[in-house]
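# Observations on chain architecture
Spelled out from the first residue to the last, the chains are:
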Amino acid sequence: MTTATAPRLNTDTSAKHFETAKTLMPGGVNSPVRAFKGVGGNPLFIDRAEGPYVYDADGNKYIDYVASYGPAILGHAPVSVVRAVQEAAEKGFSYGAPTVLENQLAKLVIDAVPGVDKVRFVNSGTEACLSAARLARAYTGKQKLIKFSGCYHGHADAFLVKAGSGAATLGLPDSPGVPSEVAVNTLTATFNNADSVKALLEANTGEIAAILVEPVAGNMGCIPPQQGFLESLRALADEHGCVLVFDEVMTGFRVAYGGAQSHYGVTPDLSCFGKVIGGGLPVGAYGGKTDIMAMVAPEGPMYQAGTLSGNPLAMAAGIETLTQLKQPGVYEQLSATSARLAEGLQVVFTKHNLPVQTAAVGGMLGFAQTATPITGYDDMLTVDRDVFTKLFWALLQEGVYLAPSPFEAMFVSTTHTDVVIDETMAAFDRVLSTL
Ligand SMILES: *Cc1c(COP(=O)(O)O)cnc(C)c1O
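Residues numbered from 1 in each chain as written. Predicted model: local features only at pLDDT ≥ 70, side-chain atom pairs only at ≥ 80, totals over all residues. Heavy atoms only, no water.

### A short note on the sheet that holds strand β13 (residues 400-401)
The strands making up a sheet associate through backbone hydrogen bonding, with each pair oriented either parallel or antiparallel. Judged by pairing direction, the sheet is mixed, and its 4 strands sit side by side in the order β1-β2-β3-β13 without closing on themselves. The open sheet is flanked by β1 (46-50) and β13, the only strands paired with a single partner. In the sheet, strand β2 (residues 53-56) pairs with strand β3 (residues 61-64) via 3 bridges, with the strands oriented antiparallel. Opposite Val54, over in β3, you have Tyr62 as the bridge partner. (Pairing = 2+ DSSP bridges. Helix = DSSP H or I, 4+ residues; strand = E, 2+ residues; numbered from the N terminus.)

In structure tokens form, the structure reads like this:
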């Protein structure tokens, strides 16, 4: 596949690096979506980033809505976080022993998130989700999990079933290498449809360990929960004695300081975190009610460990990021920024007679080129992929960097000022007038 728009920007250095990368790493990347397969063409190699901007290896500057897929909520390389990481680095990178920094980040998370009484730090969102699933199974003594079509919970075997995001972009709803014995224990329900969950619970009485959900779906665009959906999941989990897990790897400290659970006022039994919680360094976490967390080793029998878990660099980045986010007005600003962009997109697409659906919650948003209202994964399949591909390449030419897939959400930061948003809108306007 070639690019839809003849490039005016010189991206030859990125292209050269990508040729080399393909001889060294599968597909030239360390995470599939980065390879731009969803839109064809070569990925940009990023040299550096600052505030709302990323700069590629040829020195081109772009307004960034990828934000490292979520973590860069204070913009890239925020001064105080850089300083915190530098100070931590000077004292050594990792000791394999407890540090007071872990206490500090744990306290921040527990104070912020309604459903978290105790927390365990890990190194990625994937680790957080697979550990939460193991814990739910250990706690309930049951085997099966319910997840939702199009929701992504990292790449552990149990979750590579209707997994959205990268897998959806590549048309791989499943993956070879996942044992069928594992996959059969993962049941798939329909997002925003509590009846689909009820039906699975009733057909598998006494067998469901956990219901896992992204409380705002962010790996099939950006799809907020409809009124009553999360409340229904809470009630169903209680009724059937299963653990309700909110995967807040994307939404945690992104849609609100206390995550989607504080925004919507529904408290899960377990929560998973990643992305923002590490401020761009590799961190994940899972946490929940005291009696469930008491199952985790060494307090209890459920084993889970990590050589670099809670390492001081990652903790320092997380502490400073959360400390900045805790300041008054931050989420009001992030919400206003997302809303301004979502409303602007609505106006611009309408002006050019193109259908569009938009949604914004806190610091995340999404748009989809379809006339179909988006409530779940099936609706996303009506999106015009060709229009997205053209739009994606044309926007890059205009200096706006979206994730290379219509299934990814957009992320704003505190450095996306009104001026930056207005520049973005103007770029969309120019691009749509030529499509
Ligand atoms: C990104 C993401 C994950 C996986 O996190 P990694 O750090 O990439 O392993 C899990 N769940 C959700 C909701 C995510 O958005």
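Picking up after the structure, the text goes on.
### Here we look at unusual backbone geometry
The linkage connecting Ala297 with the following residue, Pro298, adopts the cis geometry, with an omega of 5 degrees. Of note, the phi angle at Phe36 is positive, near 70 degrees, even though the residue is not glycine. Tracing the backbone shows Phe36 in the loop between α1 (12-24) and β1. On the accessibility criterion, Phe36 (1% relative accessible area) is buried. For Ala77, which is not glycine, the phi torsion reads 50 degrees and is therefore positive. Looking at the element boundaries, Ala77 is found in the loop between β3 and α2 (79-90). By relative accessible area, which is 44% here, Ala77 ends up partly exposed. (Buried < 20%, exposed > 50% of the residue type's maximum accessible area, 1.4 Å probe, protein only.)

### Section: the domain arrangement of the chain
Partitioning the chain into structural domains gives domain 1 (12-77 + 329-432) and domain 2 (79-325). Relative to domain 2, the C-alpha centre of domain 1 lies at a distance of 24 Å. Counting from both sides, the interface comprises 33 residues of domain 1 and, opposite them, 38 residues of domain 2. Between domain 1 and domain 2, a total of about 2,800 Å² is buried, with carbon and sulfur atoms accounting for 68% of that surface. The interface formed by domain 1 and domain 2 includes 0 salt bridges. In this structure, the connection of domain 1 to domain 2 is made through 8 residue pairs in polar contact (both at pLDDT 80 or more). Mapped onto the side of domain 1 that touches domain 2, the elements with two or more residues apiece are α12 (330-351), β11 (357-361), β12 (364-368) and α13 (377-380). Considering every element that reaches the side of domain 1 that touches domain 2, the biggest residue donor is β12, with 3 residues. Considering only residue class, the side of domain 1 that touches domain 2 consists of 22 nonpolar, 8 polar and 3 charged. (Domains from an automatic or database assignment. Contact = heavy atoms within 4.5 Å. Buried area = accessible area lost by both parts, 1.4 Å probe. Salt bridge = Lys/Arg side-chain N within 4 Å of Asp/Glu carboxyl O. Polar contact = N/O pair within 3.5 Å; in protein donor to acceptor, adjacent residues only side chain to side chain. Nonpolar A, V, L, I, M, F, W, Y, C, P; charged D, E, K, R; others polar.)

### So, the pattern of salt bridges
Enumeration over the complete set of coordinates arrives at 12 salt bridges. Residues Asp269 and Lys289 are paired through a salt bridge, measuring 2.6 Å at the closest nitrogen-oxygen approach. Taken together, the positions of Asp269 in the loop between α9 (259-264) and β9 (270-273) and Lys289 in the loop between β10 (284-288) and α10 (290-293) put the pair 20 residues apart, joining distant regions of the chain. A residue is classified by how much of its surface remains accessible, and Asp269, at 7% relative accessible area, is buried.

### Observations concerning the sheet that holds strand β14 (residues 410-411)
Spatially, β11-β12-β14 is the arrangement adopted by the 3 strands of the open sheet, whose pairing is antiparallel. The open sheet terminates on both sides in strands that have one partner only, identified here as β11 and β14. Where β12 and β14 come together, 2 bridges link them in antiparallel fashion. Across the sheet, the residue bridging to Leu365 is Met410, located in β14. Strands β11, β12 and β14 of the sheet are contacted by α12, whose axis makes an angle of about 10 degrees with β12. (Axes fitted to C-alpha atoms, helices over the stretch in contact; angles between N-to-C directions.)

### Quick word on the packing of α12 against helix α15 (residues 418-432)
Relative to each other, α12 and α15 sit at 20 degrees, their axes nearing to 10 Å. The orientation of α12 relative to α15 falls into the category roughly parallel. Regarding α12 and α15, the two cross each other, and that crossing is right-handed. Seen from α12, the contacting residues are Thr337, Arg340, Leu341, Gly344, Leu345, Val348, Phe349 and Lys351; seen from α15, they are Asp418, Ile421, Asp422, Thr424, Met425, Phe428, Asp429 and Leu432. Partitioning the contact of α12 with α15 into residue classes produces 8 nonpolar, 3 polar and 5 charged. (Parallel < 35°, antiparallel > 145°, perpendicular 65-115°, else oblique. Left-handed = near helix turned anticlockwise from the far one by under 90°.)

### Thoughts on α1
Helical periodicity: at 3.6 residues per turn, an α-helix aligns residues three or four positions apart in one direction. The end-to-end C-alpha distance of α1, which contains 13 residues, comes to 19 Å, matching closely the 18 Å that a straight helix rising 1.5 Å per residue would cover. Looking at α1, one finds that the buried residues are Ser14, Phe18 and Ala21. Along the long axis of α1, the arc covered by the buried residues comes to 65 degrees, so they all point the same way. For α1, the exposed residues set more than 90 degrees away from the buried face come down to Asp12, Lys16 and Thr23. Its buried side turned inward, α1 meets β2. (Expected span 1.5 Å × (residues − 1). Arc of directions from axis to C-beta.)

### As for the side chain of Gln304
The residue Gln304 is located in the loop between α10 and α11 (312-325) in this model. In this structure the side chain of Gln304 is engaged in a polar contact, spanning 3.0 Å, whose partner is the side chain of Arg120. Among the polar contacts made by the side chain of Gln304, one reaches the side chain of Tyr286 at a distance of 2.8 Å. In this structure Gln304 touches Arg120, Val122, Glu127, Ser131, Arg134 and Tyr286, once residues within four positions along its chain are discounted.

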